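# Architecture at a glance
Here is how the chains run, residue by residue.
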Amino acid sequence: MRYIIKLDQQKVGNVTFVKEGLYDALYAQCRIPDGIFRLYMETENRFESLGVLAPESGSFTLRKRYPSGKYPLDENAEFFVSQTDPWQIYHGKIQNIPLKENISVMTDGCFRFCEILEPDKPLALLPYFCLCRPYLLYGRQALLLELANESIKNACAEF
């Protein structure tokens, strides 16, 4: 399977997955500015960091092998590179309800709040539980709350 890699919504390269027996091989190659960039993958239900790209013959590449099925892919999988982690810790409120625990937030056209599920801690997103969906963030079980409505986004405290 072959996918496009983006940087700031611009196509910068491709990533290919090939079945090799009990493994899936990933090969990514892109043309990006000099720097340390990490390749990320996002599907509807998961977000993963796949690794750091290394300079090679005028471009940046990443080669890895994973046990087959570790990263289930579909046609909607998106790949992008970034120099910083797109998920940032959020210490604020949603609709004047303070969040008691650390929540990660990504603002890529909408507010996406993600809470890692921990058995010994109460859910900070409990007031919004019916609006959340299961998600895997860096391989850990989590809840994802997506707020796309402008009025709801405006109700969130600045961070």
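Residues numbered from 1 in each chain as written. Predicted model: local features only at pLDDT ≥ 70, side-chain atom pairs only at ≥ 80, totals over all residues. Heavy atoms only, no water.

### Section: the nonpolar core
Note the cut-off: In this text, buried Ala, Val, Leu, Ile, Met, Phe, Trp, Tyr and Cys residues form a nonpolar core when linked through side-chain atoms within 4.5 Å. Relative accessibility under 20% of the residue-type maximum defines a buried residue, over 50% an exposed one, and the middle range a partly exposed one, all with a 1.4 Å probe and only protein chains included. Runs of H or I in DSSP of at least four residues are treated as helices and runs of E of at least two as strands, each being numbered from the N terminus. In this analysis, two residues are considered to be in contact whenever any of their non-hydrogen atoms come within 4.5 Å of each other.
The biggest cluster of nonpolar side chains holds 22 residues, and the ones touching the most others in it are Val 15, Ile 32, Leu 39, Leu 50, Leu 53, Phe 79 and Val 81. Contributing elements (two or more residues each) for this core: strand S1 (2-7), strand S2 (10-20), strand S3 (23-30), strand S4 (38-43), strand S7 (59-67) and strand S8 (78-82). Val 15 has contacts with Met 1, Arg 2, Tyr 3, Ile 5, Leu 26, Tyr 27, Ala 28, Leu 39 and Phe 79, leaving out every residue within four places of it along the chain. In this structure, Ile 103, Phe 113, Cys 132 and Leu 145 belong to the second largest nonpolar core, which totals 14 residues.

### As for the pairing of strand S5 (residues 46-52)
Regular strands show a simple pattern: their side chains alternate between the two faces of the sheet. Let me state the cut-off plainly: One bridge is not enough; two strands pair if DSSP finds at least two bridges between them.
With five of seven residues buried, S5 lies mostly within the body of the structure. In this sheet, S5 lies alongside S4 in antiparallel orientation, the contact comprising six bridges. Looking at the pairing, Arg 38 lines up with Val 52 of S5. Turn length for the S4-S5 hairpin, with the two strands adjacent in sequence and antiparallel, is two residues.

### Description of unusual backbone geometry
Despite not being glycine, Asp 8 has its phi angle at roughly 50 degrees, a positive value. Along the chain, Asp 8 turns up in the loop between S1 and S2. In the Ramachandran plot, Ser 57 falls in the positive-phi region, its phi being about 50 degrees despite a non-glycine side chain. Tracing the backbone through its elements, the reader meets Ser 57 in the loop between strand S6 (54-56) and S7.

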